[in-house]
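Residue-level structure breakdown
So the chains spell out like this:
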Protein chains: 2
Amino acid sequence: MKKKPTTISIVGAGLVGSLLSIYLARRGYQVSVYERRFDMRKNFLGGGRSINLALSNRGIRALEEVGLAAEMKKHSVPMKGRLMHDINGKLTFQPYGTSGQYINSISRSGLNMFLMDEAEKQGVNFFFEYRCIDVNLEKTELTFQNQHDIRHHQSDLIIGADGAFSAIRAALQVSDRFEYSQHYIEHGYKELRIPPGEKGEFMLEREALHIWPRESYMLIALPNPDATFTVTLFYPFEGENSFQKLTNDEEVMAFFKKTFPDVTAIMPSLLEDFRDNPTSSLVTIRCAPWVKNSTLLIGDAAHGIVPFYGQGMNAGFEDCAVLNQLLDKYQDDWSKVAPEFEKLRKADADAIAQLALDNFVEMRDLVADPEFLLRKKIEARIHELFPKQWIPLYSMVTFHDEIRYSDAQEMGKRQKAIMDKVMATPDIEKNWEKLNFGEIASSLKPLQ
Amino acid sequence: MKKKPTTISIVGAGLVGSLLSIYLARRGYQVSVYERRFDMRKNFLGGGRSINLALSNRGIRALEEVGLAAEMKKHSVPMKGRLMHDINGKLTFQPYGTSGQYINSISRSGLNMFLMDEAEKQGVNFFFEYRCIDVNLEKTELTFQNQHDIRHHQSDLIIGADGAFSAIRAALQVSDRFEYSQHYIEHGYKELRIPPGEKGEFMLEREALHIWPRESYMLIALPNPDATFTVTLFYPFEGENSFQKLTNDEEVMAFFKKTFPDVTAIMPSLLEDFRDNPTSSLVTIRCAPWVKNSTLLIGDAAHGIVPFYGQGMNAGFEDCAVLNQLLDKYQDDWSKVAPEFEKLRKADADAIAQLALDNFVEMRDLVADPEFLLRKKIEARIHELFPKQWIPLYSMVTFHDEIRYSDAQEMGKRQKAIMDKVMATPDIEKNWEKLNFGEIASSLKPLQ
């Protein structure tokens, strides 16, 4: 790693690449961003990755540090908790935070276009339709294919922010002793849509993340500022209940009517959306090292995760903020920054990757279980009484950006062990308010 | 997968690709083999992968089925057991089999050249210095770069036998929902050499695999027909005791004299070999699926394993034999053969991958432990008394090709649980001959 780079090439103009370019341009680097796709600001077609995202504290903080959080929050819809829909349309609400905290439904493309505009204001140069076809790690040189020809770009530092299927990581993967795994879950996802009502109103409760938990699979819906909802079905690719078995309109309609009757009634374009939208897969990417010579991985390129904790973008944005803090700490000496960045963030990336896999089980199955909801209620009470001693895992991950993912994961394990015992109390559903909450809270050992 | 292919392209003219081409040519297919390197028969330079290998029953059986086992056994040296060298040069022998069974030290390049010659006799066409740069899975088409130009070859079936860093697998890896991991152990290896004595004699006991177990690392030596030994140091890349710390001749010599005094005295070219030979890494590759459209992976391309069970080549050869059995079973209907091949062999590949990792601990550490040697002695006695009921794990893997790797692994786990209890008997070292061997043997439940 070169100590003091002047020119930095970022590969990937997605959310993380764009935000990172702002951070680095503000520090005085000459930043070029190369993007495989066309400029979505000129000819927006939609499609590609998921339509909206849940922006939460880690992401907000990273936006705040470059003065962009307030503007983005304007374009988002707050979601204050999970609203579960059972098969009969009965609703159960579970708040996310104990003190009115919420996460923010935001448009992926809107946020991305905004960040690119801001980056250009900071002097970042964007090159679109530049497909990276080779990386020379020795020379810190990228080879791109664009519409017309093949071009080589040499710089002092390459940062791969090119997502879960990173071309930069592919170059690292064939270098010696590179640890790598890609693991797909058995579920895929398909995006659908609930339009506004006749008077432009939201057709479901606006400020919530809706879940139709069905044990081995689920449907969710996130609100958009235009009064639509983005609906996503997470469903196995193969097997008894699977996308494979939904081969025509009749089968799709029968499945939805039987399984999600309340929402089916308000999805007039269900069959069309189901036919037209792709069934996408869900991958977890783990790798090491993230640094080789003067090339560095960041965001999904370094740690692709499943979406069930709503933390993919937030983790990538936090990468940018942590990198920036380390640049402050070491006066932009990248030979110190890069290895420490990897050391810190690899542990946190591994933690959130696992938490995200675990949370799928919680969302699709446990949230429909009264015992689980009682467990959450008891934890909320402990937190209310002892707000510093006991912070529920979801809150640590989502609302407490001062707590590292890896620490949150460890504390979550300790809490689970304690709560397993608490839940074994006879007649807990009747007697839970009589629990000795002080004793429970103090049985949780803090880290170190 | 096309039901009845006529033309088959095998990528990789290594051991597995060459043997497979013989099997398939004998069945009447038109087989072409494409190899990235030059023809080693024309200009043998040595180097590359390890110099010798341990051929055992699974590999021998696969050679036998095409009539080539007898010829190869002529060029090998039998190794009847492990001969451990402690730090004072004291020797301990542990036989491999209870009834004089042995494994065979054989030259990798000698075997490979022999198989290529045999394949050509069967009408196989070899293309050397053909580097595969692209695979079109839809069209079953390969793109090669050779010395002069770029060529496309279309066939009915592609088989990737191109090793742990397979180009064919790289094409599968970027297809959707491909499970993949590459994991390196912290040790690397370096090959060294013991020359014959003045009268052309072997300088160590000939018919043994020599081990210098040193807990966290080890040296091994395998005999060659020309009275040399190939010596391999398995040692961490980094850390307190590591290759990184051996930076000059003095440090290398001091390390060897202190750690392996007996063998250092008979390695006159130690320093030269240490300097000239690369330090190579050791990887485990796991992936799935092995079949996509009309492209299939086999051997190390499908399941790269570490060398500590001496089963890499044997597993690859067994792949060929199993594939051939399935072609018999299904009258060459590849649409049935390919998925069943993967189903059978994936379970066995996963088993031998784990067994090979476990065996490193056994070789470098446990074989120096008197309690472990006693455990092996007791197991050998049980096997002697109840030869069908209790076959030691090493024997199942190495000598019993009728037992699948996955079954051997499962039986090995059951044996270990029983032996852990046996070894907890008070004063076992004095009283072991009084054990109720019949009871021990019958406590081992057979599979299914």
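Residues numbered from 1 in each chain as written. Chains lettered and ligands numbered in written order. Predicted model: local features only at pLDDT ≥ 70, side-chain atom pairs only at ≥ 80, totals over all residues. Heavy atoms only, no water.

Re the side chain of A:Glu118
Residue and element names in this part refer to chain A. With respect to the element layout, Glu118 can be found in helix 4 (residues 108-121). By relative accessible area, which is 15% here, Glu118 ends up buried. At a separation of 2.8 Å, a polar atom in the side chain of Glu118 contacts the side chain of Lys121. Sequence-distant contacts of Glu118, that is, excluding residues within four places in its chain, are made with Ile22 and Leu68. (Helix = DSSP H or I, 4+ residues; strand = E, 2+ residues; numbered from the N terminus. Buried < 20%, exposed > 50% of the residue type's maximum accessible area, 1.4 Å probe, protein only. Polar contact = N/O pair within 3.5 Å; in protein donor to acceptor, adjacent residues only side chain to side chain. Contact = heavy atoms within 4.5 Å.)

Considerations on the sheet that holds strand 9 (residues 131-136) of chain A
All names here are of chain A. Taken in spatial order, the three strands make up an open sheet running 9-10-11, and their pairing is antiparallel. Each edge of the open sheet is held by one strand with a lone partner, namely strand 9 and strand 11 (150-154). Recorded for the sheet is a direction-independent mean angle of 25° between the axes of neighbouring strands. Two strands pair when backbone bridges link them, and strand 10 (residues 141-145) and strand 11 are joined in this way by five bridges, in the antiparallel orientation. Looking across to strand 11, one finds that Thr143 is bridged to His152. (Pairing = 2+ DSSP bridges. Axes fitted to C-alpha atoms, helices over the stretch in contact; angles between N-to-C directions.)

A short note on the packing of helix 9 (residues 312-329) of chain B against helix 10 (residues 334-364) of chain B
Residues and elements named next belong to chain B. In contact at an axis separation of 9 Å, helix 9 and helix 10 are set at 140° when each is read in the N-to-C sense. Taken together, the axes of helix 9 and helix 10 lie oblique to each other. With respect to the hand of their crossing, helix 9 and helix 10 are arranged in right-handed fashion. Within the contact between the two elements, helix 9 uses Ala315, Glu318, Asp319, Val322, Leu323, Leu326, Leu327 and Lys329 and helix 10 uses Trp334, Val337, Glu340, Phe341, Leu344 and Arg345. Of the residues contributing to the contact of helix 9 with helix 10, the split by class is nine nonpolar, no polar and five charged. (Parallel < 35°, antiparallel > 145°, perpendicular 65-115°, else oblique. Left-handed = near helix turned anticlockwise from the far one by under 90°. Nonpolar A, V, L, I, M, F, W, Y, C, P; charged D, E, K, R; others polar.)

Things to note about helix 6 (residues 249-259) of chain B
For the α-helix, the turn length of 3.6 residues means that residues three or four positions removed from each other point alike. Residues and elements named next belong to chain B. Three or more residues of helix 6 are buried, namely Val252, Phe255, Phe256 and Thr259. One side of helix 6 carries all its buried residues, which in axial view fall inside an arc of 95°. Residues of helix 6 that are exposed and point over 90 degrees away from its buried face: Glu250, Lys257 and Lys258. Looking at the packing, one finds that the buried side of helix 6 touches strand 13 (179-194), strand 15 (218-223), strand 16 (229-236), helix 7 (261-264) and helix 8 (270-276). Looking at where helix 6 begins, the residue whose side-chain oxygen comes 3.1 Å from the main-chain nitrogen of Glu250 is Asn248. (Arc of directions from axis to C-beta.)

What to know about the sheet that holds strand 7 (residues 103-107) of chain A
Residue and element names in this part refer to chain A. Read across the open sheet, the three strands follow the order 3-7-4; overall the sheet is antiparallel. Each edge of the open sheet carries a strand with a single partner, namely strand 3 (52-55) and strand 4 (77-79). When the angles between neighbouring strand axes are averaged without regard to direction, this sheet yields 35°. In the sheet, strand 4 pairs with strand 7 via three bridges, with the strands oriented antiparallel. Within strand 7, the residue paired with Met79 across the bridge is Ile103. In the packing of helix 4 onto the sheet, the strands contacted are strand 3 and strand 7, and the crossing angle to strand 7 comes to about 75°.

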